[in-house]
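Per-entry structural report
The chain contents come next:
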Amino acid sequence: MAVRIEQVDLPGIGVRHDVLTQTGRRVSVLTQRSGERTLAVFDVDDPDSCRDPITLTDDEAEALAELLGASVMLGQLAALRDHTAGLYTEQIAVGAASPFVGRALGDTRARTRTGASIVALLRDGGVVPSPGPEAPLQTGDLLVAVGTREGLDALARLIADGAN
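Note that the coordinates shown come from a computational prediction; the quantities given were computed from them, not determined experimentally.

Looking at the secondary structure, you find Gln-22 in the loop between β2 (14-20) and β3 (26-32). Under the relative-accessibility criterion, Gln-22 is labelled exposed at 70%. Linking Gln-22 and Arg-4, residues 18 residues apart in sequence, is a C-alpha distance of 9.1 Å.

Below, the structure written as structure tokens:
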């Protein structure tokens, strides 16, 4: 089912985007001309009545967007794994001893060398979906990878010590 989103221009105020849920609830994000964002959930019995609007700072809005994006992406990967025989997802930690710490992701040549694909990079509670080859790797990063069991094992060895 497609998600229904409505955009309402509010002259002199900003723009409101409404997501209409399957249960008939309306969740809105009001972006004011000043850049301030307010998250609102409307009463199911009175769709014009907002309950407890929440004003978000830039950092809070970004963190919420990353959280929602990461959970959707990881859920989709898990569902893909459940429906595809022989294909797995795994999180691989970049340890301090990895030869790739401080280097670009592309330096690993991971897909060419192992057949596994790195589909996201998790760092400090945030997510970088589909990281490009220029993405720098840091100690403590988690790489979300998709591949065969053999490919993921080879990728883990590659990230750990440069061997595959």
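What follows concerns the sheet that holds strand β9 (residues 142-147). Pairing between the strands of a sheet comes from backbone hydrogen bonds, and it takes one of two forms, parallel or antiparallel. Spatially, four strands are ordered β6-β9-β7-β8 in an open sheet, and the strand pairing comes out antiparallel. The open sheet has two free edges, formed respectively by β6 (88-93) and β8 (126-129), since each of these has just one partner strand. Direction aside, the axes of adjacent strands within the sheet are offset by 25 degrees on average. The pairing of strand β7 (residues 117-123) with β8 spans four bridges and is classified as antiparallel. Counterpart to Arg-123 in the pairing with β8 is Gly-126. In the packing of helix α3 (residues 149-161) onto the sheet, contacts are made with β6, β7 and β9, and the angle to β6 comes to roughly 10 degrees.

What counts as what
Chains are numbered independently. Their residues run from 1 in the order of the written sequence. Given that this is a predicted model, residues contribute local features only at a pLDDT of at least 70 and side-chain atom pairs are listed and counted only at 80 or more, while totals for whole chains, interfaces and linings are drawn from all residues. Water and hydrogen atoms were dropped before computing side-chain values, which therefore reflect all heavy atoms in the structure. Here a helix means four or more residues in a row that DSSP labels H or I, a strand means two or more in a row labelled E, and each is numbered from the N terminus. Throughout this description, buried means an accessible area under 20% of the type-specific maximum (1.4 Å probe, protein chains only), exposed means over 50%, and partly exposed covers the range between. Two strands make a pair as long as DSSP finds a minimum of two bridges between them. Lines are fitted to the C-alpha atoms to define the axes, a helix being fitted only along its stretch in contact, and any angle between axes, read from their N-to-C directions, falls within 0 to 180 degrees. In this description, contact between two residues means that some pair of their heavy atoms is separated by no more than 4.5 Å.

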